[in-house]
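Summary of the model geometry
Here is what each chain is made of, one letter per residue.
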Protein chains: 2
Amino acid sequence: MYLRVLAELAGRQREITSAELARRTGYSSEQIRKDFACFGALGTRGVGYRIDVLQRQIRSVLGLDRPVPAAVIGAGNLGTALARYSILQDRDIQVLALFDVDPRRVGTEIEGVAIHHAEEMPSVVRRLGIRIAIVAVPPPAAQGVVDTAVEAGITAFLNFSPVKIQAAEWVHIQNIDLSLELQSLAYYVSARSLP
Amino acid sequence: MYLRVLAELAGRQREITSAELARRTGYSSEQIRKDFACFGALGTRGVGYRIDVLQRQIRSVLGLDRPVPAAVIGAGNLGTALARYSILQDRDIQVLALFDVDPRRVGTEIEGVAIHHAEEMPSVVRRLGIRIAIVAVPPPAAQGVVDTAVEAGITAFLNFSPVKIQAAEWVHIQNIDLSLELQSLAYYVSARSLP
DNA sequence: TCTTGTGAAATGCTTCACAGCA
DNA sequence: TGCTGTGAAGCATTTCACAAGA
């Protein structure tokens, strides 16, 4: 979030105060100063933080100082949409491959990125240096593709399947559960008691 | 999450203990008992909670005791995929309409659900009783479509645009920021220091 | 004078421990 | 005996308040 706000400001000014960042992000200024202190960024009292230094430092902490090769597993509706989204929007995470098991999809491409058969994962992952996988397969297939991907050397996952995936503790799995998000929305619908 | 686990168990058994739910969800048993106490569910000491009572009670608290009509705003790649996903997967949240401004899309349909022009939002929302909107439009358009939707009477949003949306405090906006999720993944990629 | 950097206080959340009931 | 229900304790996070430095 800091990177996003800083990118907007980068051309216009050289420094930014924690108070101004607070206004733009919605976090408190103390929180921001604590965060920055935590990853070693230091500001100038009476002035603020240098934007370019901050950007470099945050990128370095997040591991975004070079592009990170990624793959999308599952080239159905959601997988395809996510691939398009990531390819076009994100410069830091580069989607270099898709995987699927459907022979009608394998061999085609999305925005110039090839769809490989899931069995080719080990070789393709190694060849392209892929480090991140976005999982968008049907729930019953999720555990299996993650197992395969872990064996191929991937340790970071963004999982869209609504299932709890088991993996070694050094594997990071970040879940986005659309069903859960949708259902929890119902709670906030006002006037539920109306006819 | 409780509903998902309970649905799996519903046929097989009548009661469930907080300890067993803890095993299946990953939350602690005390947490679960506190949650259940909080929304008025009560179990039987020595036995556990009745699954059917629990389901009814959770649905009632969440406002899922009847289907909730919803719409998807933005029928691009992501919007279309989300619509398909919601229509097919979710029985509690019913996507009854899509909205877009592109005349090539307006008038067509996705899985039998019509794509309307965004200008028709007020009348369509009123006619179909829509209470939830899933926002999947380009960032610059997000604030505008939310304003329109709020005026049409929608108070709950699931926003996929990477922008902070301003709205009255009685409007609930839940954000899913794919860029942020992706970028934060980079942090968990192991061996960042390798060549 | 303005803003950082940070211990201390306050607040919120989770876990513990056990009384109470079927 | 087994499991719920819940105050109390422990732990974590956030906010406050202010000293220190440009």
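Use the structure listed above.
1. Quick look at unusual backbone geometry
Most peptide bonds take the trans configuration, and most residues that are not glycine carry a negative phi. A positive phi is found at glutamate 111 of chain A, a non-glycine position, where the angle reads about 50 degrees. Structurally, glutamate 111 of chain A can be placed in the loop between β5 (109-110) and β6 (113-117).

2. Focus on the interface of chain A and chain B
Contacts between the two partners involve 53 residues from chain A and, on the opposite side, 53 residues from chain B. Across the chain A to chain B interface the summed buried area is about 5,000 Å²; carbon plus sulfur atoms make up 60%. Salt-bridge contacts for aspartate 177 of chain B lead to arginine 4 of chain A; the nearest nitrogen and oxygen are separated by 2.7 Å. In this structure, the connection of chain A to chain B is made through 14 residue pairs in polar contact (both at pLDDT 80 or more). Looking at the side of chain A that touches chain B, the elements that each hand over two or more residues are α1 (2-9), α2 (18-25), α4 (51-62), α5 (77-89), β7 (132-135), β8 (156-159), β9 (172-175) and α8 (178-186) of chain A.

3. Remarks on the sheet that holds β7 of chain A
Residues and elements named next belong to chain A. An order of β5-β6-β4-β3-β7-β8-β9 is seen for the seven strands of this open sheet, with the pairing classed as mixed. The sheet is open, and its two edges are formed by β5 and β9, each paired on a single side. As paired elements, β5 and β6 share two bridges and run antiparallel to each other. Within the sheet, the bridge partner assigned to isoleucine 110 lies in β6 and is valine 113. Across the sheet, helix α6 (residues 121-128) touches β3 (68-73), β4 (93-100) and β6, and the angle it forms with β4 is around 165 degrees. Here helix α7 (residues 139-151) sits on the sheet in contact with β3, β7, β8 and β9, set at roughly 160 degrees to β8.

4. Describing the protein's contact with DNA strand C
The immediate surroundings of DNA strand C are formed by 19 residues, with Ser18, Arg33, Gly43 and Tyr49 of chain A together with Lys34 of chain B found nearest. When atoms of DNA strand C within 4 Å of the protein are split into backbone and base, the sugar-phosphate part holds 63%. One of the side-chain N or O atoms of glutamine 31 of chain B is found 3.4 Å from a phosphate oxygen in DNA strand C. A distance of 3.0 Å is found between a base nitrogen of DNA strand C and a side-chain nitrogen or oxygen belonging to arginine 45 of chain B. Listing elements by their share of the surface near DNA strand C, those giving two or more residues are α3 (29-38) of chain A together with α3 (29-38) of chain B. With four residues, α3 of chain B is the largest single contributor of residues to the surface near DNA strand C. Of the residues belonging to the surface near DNA strand C, the class tally is three nonpolar, nine polar and seven charged.

5. Considering the environment of leucine 82 of chain A
In this fold, leucine 82 of chain A is placed in helix α5. Each C-alpha atom of the pair leucine 82 of chain A and isoleucine 134 of chain A lies 8.4 Å from the other, and the pair is 52 residues apart in sequence. The residues contacting leucine 82 of chain A, other than those within four sequence positions of it, are Ile134, Ala136 and Phe160 of chain A together with Leu78 and Leu178 of chain B.

6. Focus on the relation of the copies chain A and chain B
Overlay of chain A on chain B (RMSD 0.0 Å): rotation 180 degrees, translation along the axis 0.0 Å. The superposition operator between the copies reduces to a two-fold rotation axis. Minimal C-alpha distance to the rotation axis in chain A is attained by alanine 81 of chain A, lying at 3.2 Å.

Calculation notes
- Residues numbered from 1 in each chain as written.
- Chains lettered and ligands numbered in written order.
- Predicted model: local features only at pLDDT ≥ 70, side-chain atom pairs only at ≥ 80, totals over all residues.
- Heavy atoms only, no water.
- Helix = DSSP H or I, 4+ residues; strand = E, 2+ residues; numbered from the N terminus.
- Contact = heavy atoms within 4.5 Å.
- Buried area = accessible area lost by both parts, 1.4 Å probe.
- Salt bridge = Lys/Arg side-chain N within 4 Å of Asp/Glu carboxyl O.
- Polar contact = N/O pair within 3.5 Å; in protein donor to acceptor, adjacent residues only side chain to side chain.
- Pairing = 2+ DSSP bridges.
- Axes fitted to C-alpha atoms, helices over the stretch in contact; angles between N-to-C directions.
- Near = heavy atom within 4 Å.
- Nonpolar A, V, L, I, M, F, W, Y, C, P; charged D, E, K, R; others polar.
- Least-squares fit on C-alpha atoms with pLDDT ≥ 70 in both.

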